[in-house]
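# Fold and geometry: a report
Residues per chain, in single letters:
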Amino acid sequence: MNSEKISANDIQGDAMSICNQPLSECNDCGLSEVLMCKYEVKDAIIFLIPFLIAFIPAIIGIISSGYGLWLIAYFGFMIFFFIVWENRILCSHCPYYAEEGKTLRCHANYGLPKTWNYHPEPLSRSEQIQFLIGVLIIVGFPMPFLIIGEQYLMLTISVVGVILWLCVLQLRTCKKCINFSCPLNRIPKKIVDEYLKHNKVMRSAWEKTGYRIAD
Ligand code: SF4
Ligand code: SF4
């Protein structure tokens with residue numbers, strides 16, 4: 001398995017961009033218009049608000065229905081997922097993981113530790129399936145408690161929040177995200193190819209798995 005840490009020292013004399021180019025190159029790069037290749041607070045807010053619309057009513061509903069102790073398992077799973085499981089199967093393949101520093105600076109997982117080494121190759125099919133299973137567990141876990149506890153108002157708000165969140169992901173976030181091999185990613189191949197021409201570490205790792213850049 002490929003495992004490469006990119007260092008700012010790889011590029012002498014200039015700060016490094018997320019695609020391993022001198023930051024000064026970003027000024028002339030058209031990809032900055034279509035990709036979230038730099039962390040911006042507005043991207044984090046747009047990602048987070050619909051998630052909270054789903055998450056907060058779910059938590060209130062679980063507590064109101066008397067099943068609050070199950071939140072220990074729920075939060076425990078989330079800690080495991082975000083710091084260990086998702087961190088490896090999804091984030092370790094993301095260009096944000098290659099940045100300097102021990103924590104992520106991205107729109108979705110800002111501040112979480114980089115638990116693993118950077119893996120510039122794309123997600124495997126198994127990792128894509130595992131990621132979807134993990135997301136389903138996080139989204140689906142509260143639902144049975146809300147139904148059994150007859151918390152129908154919280155259930156409705158939470159389901160609307162989940163739908164809204166998925167819409168925001170698919171209509172905006174996933175159309176700009178640079179973790180191209182995530183199963184939810186919606187970047188067209190020609191943009192992916194253009195990015196890979198900038199990011200030589202990632203290009204090499206992708207081509208070793210059989211990926212081909214179109215002529
Ligand atoms: S793709 Fe790379 S060079 Fe282009 S704007 Fe993004 S970080 Fe900068
Ligand atoms: S952008 Fe997404 S895949 Fe990349 S590090 Fe952040 S949460 Fe992980």
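Provided above is the structure to which this section pertains.
The notes below deal with the structure included here. Just so it is clear, the structure is predicted and the values come from calculations on it, not from any experiment.

### Topic: the packing of helix H1 (residues 41-64) against helix H2 (residues 70-89)
One way to put it is that H1 packs onto H2 with a least axis distance of 11 Å and a crossing angle of 150°. The angle between H1 and H2 falls in the class roughly antiparallel. Residues Phe55, Ile59, Ile62 and Ile63 of H1 pack against Leu71, Tyr74, Phe75 and Met78 of H2. Considering only residue class, the contact of H1 with H2 consists of eight nonpolar, no polar and no charged.

### What to know about the site of ligand 1
Ligand 1 sits among Ser17, Ile18, Cys19, Cys26, Cys29, Leu31, Ser32, Cys37, Lys38, Tyr195 and His198. Here ligand 1 is seated within the largest cavity. A breakdown of the residues in the shell around ligand 1 according to their chemical character gives seven nonpolar, three polar and one charged.

### Topic: empty space enclosed by the protein
Summed over all chains, the structure comprises two cavities of 30 Å³ or more. For the largest cavity, the calculated volume is near 140 Å³. Tallied by class, residues from the lining of the largest cavity come to eight nonpolar, four polar and two charged. Of the pockets and cavities examined, the second largest cavity occupies roughly 90 Å³. In this structure, the second largest cavity is lined by Phe51, Ala54, Phe55, Ala58, Tyr74, Ile138, Val139, Pro142, Met143, Ser158, Val162 and Trp165. Broken down by secondary-structure element, the contributors of at least two residues to the lining of the second largest cavity are H1, helix H3 (125-140), helix H4 (142-148) and helix H5 (152-171). No other element matches the four residues that H1 contributes to the lining of the second largest cavity. When its residues are assigned to classes, the lining of the second largest cavity shows eleven nonpolar, one polar and no charged.

### As for the site of ligand 2
Contacts to ligand 2 come from Leu90, Cys91, Cys94, Tyr96, Leu104, Cys106, His107, Ala108, Asn109 and Asn179. The cavity that encloses ligand 2 is the largest pocket. When its residues are assigned to classes, the shell around ligand 2 shows seven nonpolar, three polar and no charged.

### Digging into the state of the cysteines
One way to say it: the disulfide is the covalent bond shared by the sulfur atoms of two cysteines. Counting across every chain of the model gives zero disulfides. Counting only cysteine sulfurs, Cys182 is the nearest neighbor of Cys174, a cysteine outside any disulfide, at a range of 6.1 Å. For Cys174, a relative accessible area of 7% corresponds to the buried category.

### Comments concerning the side chain of Glu86
Checked against the element boundaries, Glu86 lands in helix H2. Buried within the structure, Glu86 lacks any salt-bridge partner; its nearest side chain of opposite charge belongs to Arg88, at an N-O separation of 12 Å. Reaching out from Glu86, the side chain makes a polar contact with the side chain of Asn109 at a distance of 2.9 Å. In this structure, Glu86 is in contact with Phe81, Cys91, Asn109 and Phe131, ignoring residues within four places of it in sequence.

### Side note on the pattern of salt bridges
Applying the stated rule across the entire model yields six salt bridges. Asp193 is paired through a salt bridge with Lys189; the nearest N and O atoms lie 3.0 Å apart. Here Lys189 and Asp193 lie together in helix H6 (residues 189-198), a separation of four residues that amounts to about one turn. Judged by relative accessible area, Lys189 falls into the partly exposed class, the value being 40%.

### A short note on H2
Considering bend angle alone, the principal kink of H2 is centred on Phe81 and spans about 50°. Every buried residue of H2 is accounted for by Leu71, Tyr74, Phe77, Met78, Phe81, Trp85, Glu86, Asn87, Arg88 and Ile89. Those residues of H2 that are buried are in contact with H1, H3 and H4.

### Re the packing of aromatic side chains
Each aromatic ring pair is characterised by the separation of its centres together with the angle its planes make. Counted by the stated rule, this structure contains 19 aromatic pairs. Ring centres of Trp206 and Tyr211 lie 5.1 Å apart, and the angle between their planes is 85°; this geometry places the pair in the edge-to-face category. Taken individually, Trp206 and Tyr211 each receive the classification buried, so the pair is uniform in this respect. Aromatic rings pair up to connect Phe47, Phe51, Phe55, Tyr67, Trp70, Tyr74, Phe75, Phe141, Phe145 and Trp165 into one cluster.

Each value, and the rule that gives it
Residues numbered from 1 in each chain as written. Chains lettered and ligands numbered in written order. Predicted model: local features only at pLDDT ≥ 70, side-chain atom pairs only at ≥ 80, totals over all residues. Heavy atoms only, no water. Axes fitted to C-alpha atoms, helices over the stretch in contact; angles between N-to-C directions. Helix = DSSP H or I, 4+ residues; strand = E, 2+ residues; numbered from the N terminus. Parallel < 35°, antiparallel > 145°, perpendicular 65-115°, else oblique. Contact = heavy atoms within 4.5 Å. Nonpolar A, V, L, I, M, F, W, Y, C, P; charged D, E, K, R; others polar. Near = heavy atom within 4 Å. 1 Å grid on protein atoms, 1.4 Å probe; cavity = no way out; pocket = protein on both sides within 12 Å on 5 of 7 lines; lining within 4 Å. Sits in = over half its atoms within 2 Å of the grid points. Points joined across faces, edges and corners; volume = space filled by probe spheres on them. Disulfide = S-S within 2.5 Å. Buried < 20%, exposed > 50% of the residue type's maximum accessible area, 1.4 Å probe, protein only. Lys, Arg positive; Asp, Glu negative; His and termini not counted. Salt bridge = Lys/Arg side-chain N within 4 Å of Asp/Glu carboxyl O. Polar contact = N/O pair within 3.5 Å; in protein donor to acceptor, adjacent residues only side chain to side chain. Bend = angle between axes of the 7 residues up to and from the residue. Phe/Tyr/Trp six-rings, centres within 6.5 Å; stacked < 30°, edge-to-face > 60°.

What is shown is where atoms sit, not what they do.
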